[in-house]
2 protein chains.
Amino acid sequence: MRDDLSIHFAVVGAGLAGSLLAVYLAGQGHRVDVYERRADPRVAPPDEGRSINLGLSARGIGALRKAGLWDAVRTHTVPMRGRYVHPREGRPFFHPYGRDPGEILHSIRRDALSRTLVEHAEKLQGVRFFFGTPVTAIDRDAPSFRAGGETVTPDVIVGADGAFSAVRAELLRGRPADFRQEFLPWGYKELHLPYTERLEALHVWPGDQGLMVAHPNVDGSLTCTLFMDHHDLARPDLAAFVKSVLPAADLPDLAGQLARNPVGHLVTVRTSKWHEDGRAVLIGDACHAVYPFYGQGMNSAFEDCVVLAECVEARPDDLGAAFAAYQRRRKPHTDVLADLSADNFLELRDRLRSPLHLARKQVDTVLSRLLPDMWRPLYTMVSHTTMPYGEALRRARKQDRIVRAGGMTAAVGLAAALLWRRDRRHPK
Amino acid sequence: MRDDLSIHFAVVGAGLAGSLLAVYLAGQGHRVDVYERRADPRVAPPDEGRSINLGLSARGIGALRKAGLWDAVRTHTVPMRGRYVHPREGRPFFHPYGRDPGEILHSIRRDALSRTLVEHAEKLQGVRFFFGTPVTAIDRDAPSFRAGGETVTPDVIVGADGAFSAVRAELLRGRPADFRQEFLPWGYKELHLPYTERLEALHVWPGDQGLMVAHPNVDGSLTCTLFMDHHDLARPDLAAFVKSVLPAADLPDLAGQLARNPVGHLVTVRTSKWHEDGRAVLIGDACHAVYPFYGQGMNSAFEDCVVLAECVEARPDDLGAAFAAYQRRRKPHTDVLADLSADNFLELRDRLRSPLHLARKQVDTVLSRLLPDMWRPLYTMVSHTTMPYGEALRRARKQDRIVRAGGMTAAVGLAAALLWRRDRRHPK
Ligand SMILES: Cc1cc2nc3c(=O)[nH]c(=O)nc-3n(C[C@H](O)[C@H](O)[C@H](O)COP(=O)(O)OP(=O)(O)OC[C@H]3O[C@@H](n4cnc5c(N)ncnc54)[C@H](O)[C@@H]3O)c2cc1C
Ligand SMILES: Cc1cc2nc3c(=O)[nH]c(=O)nc-3n(C[C@H](O)[C@H](O)[C@H](O)COP(=O)(O)OP(=O)(O)OC[C@H]3O[C@@H](n4cnc5c(N)ncnc54)[C@H](O)[C@@H]3O)c2cc1C
């Protein structure tokens, strides 16, 4: 036990959430040891086909800014001002994310972000990283675990160990807690497109048998993620199949890349148990992995860091109360995010191909221009504000009811159609 | 590996499903070793407050009869011809389970049933039971496990180890499989009522803050199960609270029984992974624990035994195919059962108090009398037939649509009201 209010936190996982949390906790004068199974991202070569580009949005940026990290991170990002949709038929078109120029996302490579976080955190007093050090034999009661041949006995274990969290499993063991993991029948493979016309957009190739998105990199290349049913990803004729369902995905060395790169799984995880008295607590994917189709997994994990740090700061003398408050503040919203993320899969897969659906989305855009203070599309509230997800959903539902009840749909639809034509231009 | 078609099955768990499955598999000439953590039910005294009485219905009885066990089991049962409802206000009334005298349930104590199954199974060639022998260190690949200080290497591991199955955990470990466990906010305590007026019925005391059911025993006593929110079950003034919300639950030594008996948890478990190639397979609560409010957990576990045995018999040379066929035949139906069981909680808790709801149920009863070959209430199909659960639900939905569409409700409601009066008599 500790005898002052400097707490010894052992963070399991130096992923995105674990590294940022270390910064926040060290800022409060606590001791933070971070244990990571993988090699140090500053020395290890990036895994081919495992880089995963991420879209930083308002929530993540806010958390980085608060930690004094946004300027350092920003140099590794490329802005994305909207979606550049490549329909199977017809010409590609650009669809801006929001009405304000500030309503944009920032594409960043996972390894670049991870390196920046670790570099910054390690400079802080009280922070130590142990790379290549898997954590095993976790005991929620002590609390303790084994790492690097030793038994570690911190005040608090933080499970920042991702969607398949071992800390979570230990918290759930034998407990009457609700738990759910759901895998999407679709998995993904990462592909690389060395150089392309530089567009500040997230590219989307929608399709019902395969869907591809691509994030721009600072070097002008694109990192593509091909999503497809696992059955199809296992086809012997995968390259030919990809070309047939997504003609635009005819990248250089497609067959070679498909053969080399591993298949990723997509999982939604919900658990009712986020903490164990004052001795263990979960953050990020460990307590709420979501499908990546709203681009909010990391962003929400960064929000966890802010809220958890606030709760610890408010009650360093009663961490049980602090962790309970943290879960109470976060879980209702990450539950909503899980649903929205599953919904957005359908949107990207099926609906982006439908001009009718896009026209309906424009209703939202039009209303937000007419009533800028009152009306905001759900996507805008999720991606370009830090309003809690649950609150965003509640407002969006209310707006939907108004549109339906007011019978404004037809009139606004017309206006949308006009704007629609105007917006089918390429971004600058 | 085996060199003939006699397979070595190691069953983890000599609960209800494991013991009955041993009978079926031994009947096909296989070798079956059953490992059970608890003591032999033939010598151990029954756990106080843990007996759990069960209602055997058509499905369970069918499976026992097919195994030649029904006559032996029957001597330990008391028939239940319907529900005897004790409303908070007004007189108790009897509500028969079905229109036919054969549409009844049979109440049995868990220990009596378990003993009968084990006694019978152990007489069969090839069957051995190991009691007081927990299974640990399960390896799905070998397959193997540790038990009684030894490493066991059977051809097949059967996980019949209940809702918190260790075999299931090993099948899921690191796998992209959907899994969900959900605990009801309500738990339960068992209570004993030494002697009462002998009624061949399931007693129900409905209520929205507590709900009690009671099964009759052969000795004339009742085993009661008190269901209540966990928060309430933890109250220091529990006995007084129980008396206030369920005045009828004023049993002898209520406070003592409440203090002594443990709280039980109620869980629904769903998993997409029921088997591992030809090396491991799950049955009963291990793959589909349900809330007990439809009284079908054991009954459906017994159906698993029949179907699994049929699949093994059809493909003893290809157990991978046999287990896949078994899951395909069973899972859609046990998924439906999970939903129905959760629904029936609401029915028992809230709706049984409402004469209106009961009158609507009578619509079903009336139609089933008018159209005996075509019309059967859902409850009847679930409890008094062996029609797969999914098929029962499909038919019930169709019937619902007919009632609604035909606008027959009013007319039939009238008829129901008449029958309702007639039925509010005690059973003989
Ligand atoms: C294809 C794809 C695209 C995505 N796109 C976006 C996006 O655009 N925007 C967005 O916000 N989110 C996105 N996400 C989600 C985002 O990647 C995750 O939400 C985020 O990585 C979660 O961070 P984390 O720190 O909780 O977990 P992780 O980043 O998974 O980190 C967990 C760390 O714990 C380590 N670890 C695990 N077990 C142990 C152990 N026993 N001992 C030691 N270390 C251990 C792991 O090695 C890992 O480094 C995407 C995800 C995918 C799959
Ligand atoms: C209050 C209540 C009322 C119910 N009423 C009814 C009813 O009226 N009708 C009905 O059909 N169903 C009812 N059920 C459900 C029924 O009890 C279960 O569905 C049934 O017991 C499932 O049988 P099983 O063999 O799969 O699991 P279990 O009966 O739970 O047996 C599992 C066995 O495995 C053993 N085991 C576990 N782990 C290990 C290990 N590692 N090594 C060795 N052994 C192990 C356990 O000790 C246990 O004996 C009720 C349940 C409850 C809780």
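Residues numbered from 1 in each chain as written. Chains lettered and ligands numbered in written order. Predicted model: local features only at pLDDT ≥ 70, side-chain atom pairs only at ≥ 80, totals over all residues. Heavy atoms only, no water.

Student: So what's going on with the overall build of chain A? Residues and values would help.
Tutor: Each helix and strand counted, chain A has 15 helices and 20 strands in total. Expressed as a percentage of the 428 residues in chain A, the buried residues total 57%. Expressed as a percentage of contacts within chain A between residues at least 6 apart in sequence, the contacts between residues at least 24 apart total 72%. Surface exposure of chain A reaches about 18400 Å², of which carbon and sulfur atoms provide 52%. (Helix = DSSP H or I, 4+ residues; strand = E, 2+ residues; numbered from the N terminus. Buried < 20%, exposed > 50% of the residue type's maximum accessible area, 1.4 Å probe, protein only. Contact = heavy atoms within 4.5 Å. Areas by Shrake-Rupley, 256 points an atom, 1.4 Å probe, with all protein chains shown as cover.)

Student: I'd like a description of the domain arrangement of chain A, backed by residues and values.
Tutor: Residues and elements named next belong to chain A. Examined at the domain level, chain A breaks down into domain 1 (3-78 + 104-181 + 267-344), domain 2 (182-266) and domain 3 (354-425). The interface of domain 1 with domain 3 comprises 16 residues on the first partner and 14 residues on the second. Here domain 1 and domain 3 share an interface that buries about 1200 Å² over both sides, 62% of which is from carbon and sulfur atoms. When residues of domain 1 are sorted by the area they lose upon contact with domain 3, R59, Y294 and H333 head the list and together hold 47% of the total. At the level of secondary structure, the elements contributing two or more residues to the side of domain 1 that touches domain 3 comprise α2 (58-66), α10 (297-314) and α11 (319-349). (Domains from an automatic or database assignment. Buried area = accessible area lost by both parts, 1.4 Å probe.)

Student: Any details on the site of ligand 2? Residues and values, ideally.
Tutor: Residues and elements named next belong to chain B. As a matter of local geometry, ligand 2 sits amid 29 residues, with A17, E36, G55, R110 and D285 nearest to it. Contacts to ligand 2 include M298, whose backbone N or O atom sits 2.9 Å from an oxygen atom. Burial of ligand 2 by the surrounding chains reaches 89%, relative to a free accessible area of 1000 Å². Here the shell around ligand 2 is composed, by residue class, of twelve nonpolar, eleven polar and six charged. (Near = heavy atom within 4 Å. Polar contact = N/O pair within 3.5 Å; in protein donor to acceptor, adjacent residues only side chain to side chain. Nonpolar A, V, L, I, M, F, W, Y, C, P; charged D, E, K, R; others polar.)

Student: So what about the pattern of salt bridges? Which residues, and what values?
Tutor: Tallied over the entire structure, the rule returns 54 salt bridges over all chains. Salt-bridge contacts for A:R315 lead to A:D317; the nearest nitrogen and oxygen are separated by 3.8 Å. We classify A:R315 as partly exposed; its relative accessible area is 35%. Note that B:D232 is salt-bridged to B:R235, the shortest N-O span being 3.0 Å. Of the residues examined, B:D232 reaches a relative accessible area of 14% and is grouped as buried. (Salt bridge = Lys/Arg side-chain N within 4 Å of Asp/Glu carboxyl O.)

Student: Go over the pairing of strand β5 (residues 82-85) of chain B, please, and point to the residues and values.
Tutor: All names here are of chain B. Both β5 and strand β6 (residues 93-96) contribute to a ladder of four bridges, which runs antiparallel. Looking at β6, one finds that Y84 is bridged to F94. Bridge count for β5 against strand β15 (residues 202-205) is three bridges, and the pairing is parallel. The residue of β15 that forms the bridge with R83 is L202. (Pairing = 2+ DSSP bridges.)

Student: For unusual backbone geometry, give the residues involved together with the corresponding values.
Tutor: Residues and elements named next belong to chain A. Here the amide bond leading from A142 into P143 is cis, since omega sits at -15 degrees, within 30 degrees of zero. As for its position among the elements, P143 is in the loop between β9 (135-139) and β10 (144-147). A positive phi angle, close to 55 degrees, is found at D253, a residue other than glycine. According to the relative accessible area criterion, D253 is partly exposed, its value standing at 45%.

Student: Outline the interface of chain B and chain A, supporting the account with residue identities and numerical values.
Tutor: Counting from both sides, the interface comprises ten residues of chain B and, opposite them, ten residues of chain A. Here chain B and chain A share an interface that buries about 990 Å² over both sides, 51% of which is from carbon and sulfur atoms. Across the chain B-chain A interface, the total number found is zero salt bridges. The tally of links between chain B and chain A comes to six residue pairs in polar contact (both at pLDDT 80 or more). In terms of residue class, the side of chain B that touches chain A is made up of four nonpolar, two polar and four charged. Examined bridge by bridge, strand β13 (residues 179-183) of chain A and strand β13 (residues 179-183) of chain B share three bridges and lie antiparallel to one another. Looking at the pairing, A:Q181 lines up with B:F179 of β13(B).

Student: Tell me about the packing of helix α10 (residues 297-314) of chain B against helix α11 (residues 319-349) of chain B, and please be specific about residues and values.
Tutor: Residue and element names in this part refer to chain B. Following both chains from N to C, one finds α10 and α11 inclined at 155 degrees, their axes separated by 8 Å at the closest point. Taken together, the axis directions place α10 and α11 in an arrangement best described as roughly antiparallel. You can see that α10 and α11 cross each other, and the crossing is right-handed. Here α10 contributes S300, E303, D304, V307, L308, E310, C311 and V312 to the contact with α11, which in turn contributes L319, A322, F323, A325, Y326, R329, R330, T334 and L337. Looking at the contact of α10 with α11 residue by residue, the class counts come to ten nonpolar, two polar and five charged. (Axes fitted to C-alpha atoms, helices over the stretch in contact; angles between N-to-C directions. Parallel < 35°, antiparallel > 145°, perpendicular 65-115°, else oblique. Left-handed = near helix turned anticlockwise from the far one by under 90°.)

Student: An account of the sheet that holds strand β17 (residues 222-229) of chain A is requested, with residue identities and associated values reported.
Tutor: All names here are of chain A. Within the open sheet, the six strands sit side by side as β6-β5-β15-β16-β17-β14. Their pairing is mixed. Since the sheet does not close on itself, it has two edges, and those belong to β6 (93-96) and β14 (186-193), each with one partner. Looking at each pair of strands side by side, their axes are set apart by 25 degrees on average, direction ignored. Pairing between strand β15 (residues 202-205) and strand β16 (residues 211-216): three bridges, direction antiparallel. Bridged to V204 within β16 is V213. Running over the sheet, helix α7 (residues 238-245) touches β14 and β17 and is turned about 95 degrees from β17. Packing against the sheet, α11 makes contact with β5 (82-85), β14, β15 and β16, and its axis sits at approximately 40 degrees to β5.

Student: Describe the site of ligand 1, naming the residues involved and giving the relevant values.
Tutor: Residues and elements named next belong to chain A. As a matter of local geometry, ligand 1 sits amid 29 residues, with A17, E36, G55, R110 and D285 nearest to it. At a separation of 2.6 Å, an oxygen atom of ligand 1 approaches a polar side-chain atom of E36. Interatomic distance of 3.1 Å between a backbone N/O atom of R37 and a nitrogen atom of ligand 1. For ligand 1, the protein covers 89% of the area, taking 990 Å² as the surface of the free molecule. Mapped onto the shell around ligand 1, the elements with two or more residues apiece are α1 (16-27), β3 (53-56) and α10.

Student: An account of the UniProt feature "transmembrane region" (unreviewed entry) in chain A is requested, with residue identities and associated values reported.
Tutor: Feature annotation in UniProt places "transmembrane region" (unreviewed entry) on residues 6-27 and 402-420 of chain A, given in this structure's numbering. Helix and strand shares over residues 6-27 of chain A are 55% and 23% respectively, and the end C-alpha atoms of the span are 11 Å apart. (UniProt positions renumbered as here; feature names shortened; annotations may be inferred.)

Student: For the state of the cysteines, give the residues involved together with the corresponding values.
Tutor: Residue and element names in this part refer to chain B. On inspection of all chains with the given rule, the structure shows zero disulfides over all chains. The closest cysteine sulfur to the non-disulfide-bonded C305 is located on C287, 10 Å from its own sulfur. A relative accessible area of 0% places C305 in the buried class. C305 provides the cysteine sulfur closest to C311, a residue in no disulfide bond, and the two sulfurs are 12 Å apart. The buried category is assigned to C311, whose relative accessible area is 5%. (Disulfide = S-S within 2.5 Å.)

Student: Provide a residue-level description of the relation of the copies chain B and chain A, including the pertinent values.
Tutor: Overlaying chain B on chain A yields an RMSD of 0.0 Å, the required transformation being a rotation through 180 degrees with an accompanying axial translation of 0.1 Å. Classification of the inter-copy transformation places it as that of a two-fold axis. The C-alpha atom lying nearest the rotation axis in chain B is that of B:R180; the distance is 2.1 Å. Taken as a fraction of all interface residues of chain B, those also at the interface in chain A reach 100%, which identifies the copy contact as same-surface. (Least-squares fit on C-alpha atoms with pLDDT ≥ 70 in both.)

Student: Pulling in residues and values, what's your account of helix α2 (residues 58-66) of chain B?
Tutor: Among all positions of α2(B), only B:R59, B:G60, B:I61, B:A63 and B:L64 are buried. B:G68, located one to two residues past α2(B), shows a positive phi value of around 75 degrees.

Student: Describe the packing of aromatic side chains, listing the residues and the values that go with them.
Tutor: The final tally for this structure, using the stated rule, is 23 aromatic pairs over all chains. A centroid spacing of 6.0 Å and a plane angle of 50 degrees characterise the contact between B:Y188 and B:F227, whose relative ring orientation is tilted. Of this pair, B:Y188 sits in strand β14 (residues 186-193) while B:F227 sits in strand β17 (residues 222-229), and the two are 39 residues apart along the sequence. What makes B:Y188 buried here is its relative accessible area of 11%. Lying across the ring of A:Y389, A:R59 places its NZ or CZ 4.1 Å from the centre. (Phe/Tyr/Trp six-rings, centres within 6.5 Å; stacked < 30°, edge-to-face > 60°. Lys NZ or Arg CZ within 6 Å of the ring centre and 35° of its normal.)

Student: Let's hear about the environment of A:E36: which residues, and what values?
Tutor: Residues and elements named next belong to chain A. Mapped onto the elements, E36 comes out in the loop between β2 (31-35) and β3. E36 sits 124 residues away from A160 along the chain, and the two C-alpha atoms are 9.8 Å apart. Residue contacts for E36: discarding those within four places in its chain leaves G13, A14, G15, F130, F131, G132 and T133. Reaching out from E36, the side chain makes a polar contact with the backbone nitrogen of R38 at a distance of 2.9 Å.

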